[in-house]
Amino acid sequence: YSTLMGLPPPFHNKSVCVFLVATYTDGQPTENAEWFCKWLEEASTDFRYGKTYLRGLRYAVFGLGNSVYVGHYNTVGKDVDKWLWMLSGMRILTRGEGDCNVTKSRNGSVQADFQAWKVKFLSRLQDLAKGEKKSSTGSCKSGSGSCKSRTKRSQGQSEEEKAALHDNFEVMMEERSIKFLILLVNGVKKIENEGERREMITPALREALTKQGYKLIGSHSGVKLCRWTKSMLRGRGGCYKHTFYGIESHRCMETTPSLACANKCVFCWRHHTNPVGTEWHWKMDPAEKILQDALEKHQNMIRQFRGVPGVKQERYEEGLAVKHCALSLVGEPIMYPEINAFLRLLHTHRISSFLVTNAQFPQEIRNLVPVTQLYVSVDASTKDSLKKIDRPLFRDFWPRFLDSLKALGEKRQRTVYRLTLVKAWNVEELQAYSDLIALGQPDFIEVKGVTYCGESSASSLTMANVPWHQEVVAFVQQLADMLPQYEIACEHEHSNCLLIAHTKFKVDGEWWTWIDYERFQELVEAHERSGGQRSFSALDYTARTPGWALFGAHEQGFDPADTRFQRRNKTKDISGC
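- Per an unreviewed UniProt entry, the protein goes by S-adenosyl-L-methionine-dependent tRNA 4-demethylwyosine synthase TYW1 and derives from Myripristis murdjan.
- The UniProt entry for the protein carries the following comment under Sequence similarities (unreviewed entry): "Belongs to the TYW1 family."
- On record in UniProt, under Pathway (unreviewed entry), the comment for the protein is "tRNA modification; wybutosine-tRNA(Phe) biosynthesis."

1. As for the packing of aromatic side chains
Then, in step 1: Counted according to the given criterion, the structure contains 20 aromatic pairs.
Then, in step 2: On the basis of an interplanar angle of 80 degrees and a centroid distance of 6.2 Å, the ring pair of tryptophan 514 and tryptophan 548 is categorised as edge-to-face. Residue tryptophan 514 is located in strand E17 (residues 514–515), and its partner tryptophan 548 is located in the segment after strand E18 (542–543); the two are separated by 34 residues in the primary sequence. Pair check on accessibility: tryptophan 514 and tryptophan 548 agree, each one buried.
Then, in step 3: Where phenylalanine 520 meets tyrosine 541, the ring centres are 5.2 Å apart and the plane angle is 55 degrees; that geometry is what we call tilted.

2. Thoughts on the pattern of salt bridges
Then, in step 1: The tally for this structure, following the rule as stated, stands at 18 salt bridges.
Then, in step 2: Where glutamate 248 meets arginine 251, a salt bridge forms, and the shortest distance between an N and an O atom there is 3.6 Å.

3. Some points on helix H15 (residues 397–409)
Then, in step 1: The end-to-end C-alpha separation of H15 is 19 Å, in line with the 18 Å expected for 13 residues at 1.5 Å each.
Then, in step 2: What H15 keeps buried is the set Phe397, Trp398, Phe401, Ser404, Leu405, Ala407 and Leu408.
Then, in step 3: The inward-facing, buried residues of H15 contact helix H13 (362–366), strand E10 (373–377), helix H14 (383–390), strand E11 (414–421) and helix H16 (430–440).

4. Describing the side chain of glutamate 491
Then, in step 1: With respect to the helices and strands, glutamate 491 occurs in strand E13 (residues 486–492).
Then, in step 2: Comment: no salt bridge for buried glutamate 491; closest opposite-charge side chain is arginine 564, at 9.2 Å.
Then, in step 3: A distance of 2.6 Å separates the side chain of glutamate 491 from the side chain of histidine 469, its partner in a polar contact.
Then, in step 4: Beyond its immediate chain neighbours, meaning those up to four positions away, glutamate 491 contacts Thr243, Phe244, His469, Val473, Cys497, Leu498, Ala549, Leu550, Phe551, Gly552, Gln556 and Gly557.

5. Some thoughts on the side chain of asparagine 101
Then, in step 1: Summarising the element assignment, asparagine 101 is placed in the loop between strand E4 (96–99) and helix H4 (110–129).
Then, in step 2: Note on asparagine 101: relative accessible area 4%, which makes it buried.
Then, in step 3: A polar contact of 3.3 Å, which involves the side chain of asparagine 101, links it to the side chain of serine 67.
Then, in step 4: Setting aside its immediate chain neighbours within four residues, asparagine 101 contacts Asn66, Ser67, Val68, Val276 and His281.

6. A word on the packing of helix H2 (residues 34–44) against helix H3 (residues 75–86)
Then, in step 1: Between H2 and H3, whose axes approach to 9 Å, the crossing angle comes to 40 degrees. The angle between the axes of H2 and H3 places the two elements in the oblique class. Classified by chirality, the crossing of H3 by H2 is left-handed. The residues of H3 that touch H2, namely those facing Cys37, Leu40, Glu41 and Ser44, are Val76, Val80, Trp83, Leu84 and Met86.
Then, in step 2: Its residues assigned to classes, the contact of H2 with H3 shows seven nonpolar, one polar and one charged.

7. Let's talk about the nonpolar core
Soluble globular proteins: nonpolar side chains tend toward being buried together.
Then, in step 1: Formed by 82 residues in total, the largest nonpolar core has its most connected members in Leu343, Val378, Leu419, Ile445, Val447 and Leu479.
Then, in step 2: No other element matches helix H10 (residues 287–303), which puts seven residues into this core.
Then, in step 3: Aside from chain neighbours lying at most four places away, what touches leucine 479 is Leu419, Leu430, Tyr433, Ser434, Ile437 and Ile500.
Then, in step 4: Formed by 29 residues, the second largest nonpolar core is a distinct cluster that contains Tyr240, Phe244, Ala326 and Val416.

8. Quick notes on the sheet that holds E11
Then, in step 1: What the ten strands build is an open sheet, ordered E5-E6-E7-E8-E9-E10-E11-E12-E14-E13; its pairing is mixed. Sheet topology places strand E5 (215–217) and E13 at the edges, where each strand pairs with a single neighbour. Shown here is a sheet whose adjacent strand axes are inclined to one another by a mean of 25 degrees, direction ignored.
Then, in step 2: Of the pairings in the sheet, the one linking strand E9 (residues 352–357) to E10 comprises four bridges and is parallel in character. When the sheet's bridge partners are listed, leucine 355 is paired in E10 with leucine 374.

Rules and cut-offs
- Throughout this document, residue positions are counted from 1 along each chain, in the order its sequence is written.
- Only residues with pLDDT of at least 70 are given local features in this predicted model, and only at 80 or more are side-chain atom pairs given and counted; all residues enter the totals for whole chains, interfaces and linings.
- The side-chain numbers reported here are obtained from all heavy atoms of the structure, hydrogens and water having been left aside.
- UniProt positions are given in the numbering used here, feature names are shortened, and annotations may be inferred rather than shown by experiment.
- Pairing of aromatic rings covers Phe, Tyr and Trp, the last counted by its six-membered ring, and requires centre-to-centre distances within 6.5 Å; plane angles under 30 degrees mean stacked, over 60 mean edge-to-face, and any other angle means tilted.
- Put simply, DSSP H or I for four residues or longer makes a helix, DSSP E for two residues or longer makes a strand, and each gets a number counted from the N terminus.
- Think of it in three bands: with a 1.4 Å probe and only protein chains considered, a residue is buried below 20% of the maximum accessible area for its type, exposed above 50%, and partly exposed in between.
- Salt bridges are defined by distance alone: a side-chain nitrogen of Lys or Arg within 4 Å of a carboxyl oxygen of Asp or Glu.
- Under the convention used throughout, the expected extent of a helix is 1.5 Å for every residue step, that is, one less than its residue count.
- Any two residues having at least one pair of non-hydrogen atoms within 4.5 Å are treated as being in contact.
- Asp and Glu are treated as the negative residues and Lys and Arg as the positive ones, with His and the ends of the chain left uncounted.
- Under the rule applied, a polar contact is a pair of N or O atoms within 3.5 Å (in protein, one hydrogen donor and one hydrogen acceptor; residues adjacent in sequence only if both atoms are side-chain atoms).
- Convention adopted: a line fitted to C-alpha atoms gives each axis, helices being fitted over their contacting stretch, and angles between N-to-C directions are expressed from 0 to 180 degrees.
- Here roughly perpendicular refers to angles of 65 to 115 degrees, roughly parallel to angles under 35, roughly antiparallel to angles over 145, and oblique to all remaining angles.
- Each crossing is labelled by how the near helix is turned from the far one, with a counterclockwise turn of less than a right angle marking it left-handed and a clockwise turn marking it right-handed.
- Three residue categories are used. Nonpolar comprises Ala, Val, Leu, Ile, Met, Phe, Trp, Tyr, Cys and Pro, charged comprises Asp, Glu, Lys and Arg, and polar comprises the others, including Gly.
- Buried Ala, Val, Leu, Ile, Met, Phe, Trp, Tyr and Cys residues that are joined via side-chain atoms within 4.5 Å together make up what is termed a nonpolar core.
- Whether two strands pair comes down to DSSP finding at least two bridges between them.

Set out below in structure tokens:
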């Protein structure tokens, strides 16, 4: 854009400017385009530049956005196109739009949208090179007298006429949007009626996720080996769930029946390679098939450790028999329409369930069958900070968030708030967090420092946003002091994580935060046999917490049965539940 401001008009009649612009949070331009968009908008209405400032500039615009954000889909591309037109730039090709929402993308992905537009653009350049000076509408023939007379009339237009043209442009854009929405609605109905919904995992998405180590299942599910599973196979310690709740990390399968999510969190481990959506509109695989394939793929990954130096034989054999399932791999598992069937299947196989939801689907939370432990991610405590950190797709994200916490409070089984601390973003909101805890009354509150997953164009997070463990401890101590019915129970220092527990789990001065998994299976089986009439509570399947797992113990949450291994000068594996 320095060229636009530095070169005096008219521009060279052979020059063509192509603008590739993305729409970011709340319909705003990306950081590197903010100044340009502000300048262009002001210039389009500044009399000092004049309405003909960019006369002679031939241009084309391709915008990138996500149609899930209905209120501001491709806003920046539309605005840049409009402002260039208002300054008398000549559009040589209709604006292109790339849609990151694979289910609505005209060509199946944003990359395919761009490729389709690029073909048209290159063809148009060839026409221009041959001297076919067609207008963007294609209605003006070369050498036509009417075209020349129209040009003369346009040069003599008054400011009022130009303003009227601008108004007509706005009306035209609105009419096109209405027509597009009508076609879109009709198209969706047609797809649904014909049972021809698209698969969630596109070829490009499959390639990206496979490269990241996912074992994809069907058209919308996946499984991946957690780094703590690998660690415990070697006797190098388990994850924080081992310390807090007594799971056997080497027997835990991390999976999801839905790779899609309704948020685009700044600290997402997956750098937003997974699809997004506010409702299920993809093809759906049966729960039986998902679980069968997940177990098979997980066991195949465990088998790869057979004979590997350092792997304990007894743990290898135990690892082949999955006992726990962490539904926290990626995406929003609760979006899967058959989530209750999937949970029942897990329990039928005597596999415990740890389900994590992002607090945007309150009714689905209420409809859930009993879960061993149900999590809600509470990534911020105010509307503004939640919008900044989670970047939710729902317009009514805050009422949904609050209602989800209320729905969690209605559950009788174990419930957890999961707080992720992002330094300089959400660590100063102690009173607001306290109010949210009073709203949902969770059994436990996990507080963890954010994990930095490397640079990403989708997030501005840096290592400066990662709190030290001492800072997390200080935050937890201050928060616990504000909660009369809660105390700090456990610590997992090597995950930078602490557990605050309700004092009902402290019996005769001893913490009972661990889970009696066999007892849970008995209770949930009786619940199913009674048709849901026989209920049970979180206190019905507790187990005593060992001393080494407690806050203040010198082990700091590391199981003394294992040997701690310190990595040096090696790339950190950030995967984990």
